[in-house]
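What follows is the residue order along each chain.
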Amino acid sequence: MIDPKMLVDAQSAMPAPVWFVQFFKTLGFTLHSVPMNLWYAGLLVALLLHWFGGEHGRRFAGRFMKQMPVIIAVGVNLGIVPLLFIQLAYYKFFYPATILMAWFWIAIIVLLIPAYYGVYAYAWGLRNTTDADAGPTASRFRNGAAWRTAAGWIAALLFVCIGFLFANGLSLLDHVDRWPELLAAHNVGGAATGTALNVGDPTFFPRWLLMFGLALCTTAVWVLVDAEWFDRAGKVDNENYRRWAWRFARGLYTFGMVWAAGAGAWYVFGTWTEELRTAMFEQPYFLLTAATAVATGLPWLLVMAGGGGKGDSPLLPERPEGCCAQKGTVPFSASRRLAVAAIATAQFGVLGVNAVSRQAVQNMNLKLISSHDVFAQATAVEWSPMVMFLVTFVLALGVIGWMIVQVAKSRTQ
């Protein structure tokens, strides 16, 4: 049997401090996770609402599908940041792992293009509808052209496949002990054929399913963000739609949280090695592990408590009629928007804590399996690329923030 360490190249000095690489790799992945979650699970949710969601469900589905081309564009571009730092700090693990599954890794691009076009086709098919939400418009949306429906489902399934392939590559990166077995099974004359997948790794499926559960939670939060911040057309039935949005978000977030908890428990207690579990349940990682386990509880509580209005929330007392008209009080609409901002911030924190935890597990796995200590790497800092990256990164986030503000201000979106 080949020693896995023989397949790992020597490490050269990194051109940036380790803390810098770790921070921006984790931050970049967290930012990327928001739109990624929306196309990973949100597309499936929207397409199911198209058929079974009733009038309000179809309204959200139509709005969501119109937004999806922009969401995908933002997500793909934000994905460059964590991929950049993976290739910078983990190149001697990243490249062998992706070479073993080279054809599948290249297939991500091949799948992404028709998935992107499928979403555009669906959104383009809605161009003659004003909101795809109510009355005759909803009927047209529900009974839309077959080609549009097919394009949407194909795109959703392709994005699930893309997530499957990404999970394969990134899980294989820090499981160096799997490489000899995969190379032995997928080679010609000692050369890798690029046809290996990491599905035999016991950690693969729970990690993949855990991400899907978190994606359902993020989609639930987006339902509220869209209803309270972006859907401001001033229609008569807006309040009924927003009440539906809160009820649906509570159910979807609860389902996603339970899904993520089950997959997470499987991942930690069913697939972690004894050495890894011991390391992650002791200081300095114990608090991080515990925070990751309970993180979804905070946004769930906020979702359950939010919404306002008589009978809307099981965790808030009913408010007296006319209370919001009193001087100095906050209208229900403003309080709901503040509540949604808090929920979105909390969900971003959930994704951030999970990203930090995943990074810690990856570093620990590499140390235990291949004796590679990420924080012991030599560095030879090159300041000019770092400064250029920071300037570009800040400008890009500023442009994205400006775009979101313009959409939120629009009353015709």
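Below you will find a few notes about this structure. By convention here, each chain's residues receive numbers from 1 onward along its written sequence. In view of the model being predicted, local features appear only for residues whose pLDDT reaches at least 70, and side-chain atom pairs are presented and counted only at 80 or more, with totals across whole chains, interfaces and linings using the full set of residues. Derived side-chain values reflect all non-hydrogen atoms in the structure, with water molecules and hydrogen atoms excluded from consideration.

1. A few points about the packing of helix α10 (residues 238-271) against helix α13 (residues 297-305)
Point 1. Close contact between α10 and α13 brings their axes to 9 Å; oriented N to C, the two are set at 160°. By the angle between their directions, the pair α10 and α13 is classed as roughly antiparallel. When the axes of α10 and α13 are compared, the crossing they make is left-handed. Across the interface between the two elements, Trp-246, Ala-249, Arg-250, Tyr-253, Thr-254 and Met-257 from α10 touch Gly-297, Pro-299, Trp-300, Leu-302, Val-303 and Met-304 from α13.
Point 2. In terms of residue class, the contact of α10 with α13 is built from nine nonpolar, two polar and one charged. Angular values range over 0 to 180 degrees, each being the angle between N-to-C directions of two axes fitted as lines to C-alpha atoms, with helices fitted over their stretch in contact. Secondary structure is summarised from DSSP: a helix means a run of H or I of at least four residues, a strand means a run of E of at least two, and numbering begins at the N terminus for each. Roughly parallel means an angle under 35 degrees; roughly antiparallel, over 145; roughly perpendicular, 65 to 115; everything else is oblique. Two helices that cross are described as forming a left-handed crossing if the nearer one is turned anticlockwise from the farther one by less than a right angle, and a right-handed crossing if clockwise. Contacts were defined at the residue level, with two residues in contact if any of their heavy atoms lie within 4.5 Å. Each residue gets one label: Ala, Val, Leu, Ile, Met, Phe, Trp, Tyr, Cys and Pro are nonpolar, Asp, Glu, Lys and Arg are charged, and the others, such as Gly, are polar.

2. A word on helix α1 (residues 18-52)
Point 1. The span you would expect from a helix comes to 1.5 Å times its residue count less one. The end-to-end C-alpha distance of α1 is 49 Å, a good match for the 51 Å that 35 residues give at a rise of 1.5 Å each.
Point 2. Maximal helix bending in α1 amounts to about 45°, located at Gly-42.
Point 3. With a 1.4 Å probe rolled over the protein chains alone, any residue whose accessible area is under 20% of its type maximum counts as buried; one over 50% counts as exposed, and the rest are partly exposed. Here α1 lies mainly inside the structure; 27 of its 35 residues are buried.
Point 4. The first or second residue beyond α1 is Gly-54, which carries a positive phi of 70°. One axis is fitted to the seven residues ending at the residue and one to the seven starting there. The bend at that residue is the angle between these axes.

3. Quick word on unusual backbone geometry
A negative phi holds for most residues other than glycine; trans holds for most peptide bonds.
Point 1. Cis rather than trans, the peptide bond between Gln-283 and Pro-284 has omega equal to 10°.
Point 2. Topologically, Pro-284 is positioned in the loop between α11 (274-280) and α12 (286-294).

4. Digging into the nonpolar core
Point 1. Nine residue types can take part in a nonpolar core, namely buried Ala, Val, Leu, Ile, Met, Phe, Trp, Tyr and Cys, and a core is a set of them joined through side-chain atoms within 4.5 Å. Residues Phe-64 and Met-68 are the most contacted members of the largest nonpolar core, which totals 94 residues.
Point 2. Apart from residues no more than four positions distant in its own chain, Phe-64 is found in contact with Leu-38, Gly-42, Leu-43, Ala-46, Ile-71 and Trp-222.
Point 3. Counting residues in each nonpolar core, the second largest holds ten residues, with Leu-276, Leu-288, Ala-360 and Met-364 among its members.

5. Notes on the packing of aromatic side chains
Point 1. Any two rings among Phe, Tyr and Trp, with Trp reduced to its six-membered ring, count as a pair given centres within 6.5 Å; such a pair is stacked if its planes are under 30 degrees apart, edge-to-face if over 60, and tilted if neither. This model, assessed by the stated rule, comprises 30 aromatic pairs.
Point 2. Measuring from centroid to centroid gives 5.2 Å for Phe-85 and Phe-389, while their planes differ by 85°, and the two rings are edge-to-face. Placement of the pair is Phe-85 in helix α3 (residues 80-89) and Phe-389 in helix α15 (residues 383-409), with a sequence separation of 304 residues.
Point 3. Exposure remark for Phe-389: the relative accessible area of 15% places this residue in the buried category.
Point 4. Considering the side-chain rings of Phe-94 and Trp-105, the 5.8 Å spacing of their centres and the 80° angle between planes classify their relative orientation as edge-to-face.

6. Some words on the side chain of Ser-357
Point 1. Within the secondary structure, Ser-357 sits in helix α14 (residues 332-370).
Point 2. Looking at Ser-357, the relative accessible area reads 9%, which means it is buried.
Point 3. Under the rule applied, a polar contact is a pair of N or O atoms within 3.5 Å (in protein, one hydrogen donor and one hydrogen acceptor; residues adjacent in sequence only if both atoms are side-chain atoms). A distance of 3.5 Å separates polar atoms of two side chains, one belonging to Ser-357 and the other to Thr-292.

7. Details of a nonpolar patch on the surface
Point 1. On the surface, a cluster of nonpolar side chains totalling about 490 Å² of accessible area is made up of Val-381, Trp-383, Val-387, Val-391 and Leu-395.
Point 2. Turning to its location among the elements, Val-391 is positioned in helix α15.
Point 3. Judged by its relative accessible area of 47%, Val-391 is partly exposed. Like-charged residues are merged into a patch within 9 Å and nonpolar side chains (Val, Leu, Ile, Met, Phe, Trp, Tyr) within 5 Å, provided each residue has over 30% relative accessible area and no salt bridge. Only the protein chains shown count as cover for residues, with accessible areas throughout obtained via the Shrake-Rupley method and a probe of 1.4 Å. The term salt bridge refers to a pairing of a side-chain nitrogen on Lys or Arg with a carboxyl oxygen on Asp or Glu at a separation within 4 Å.

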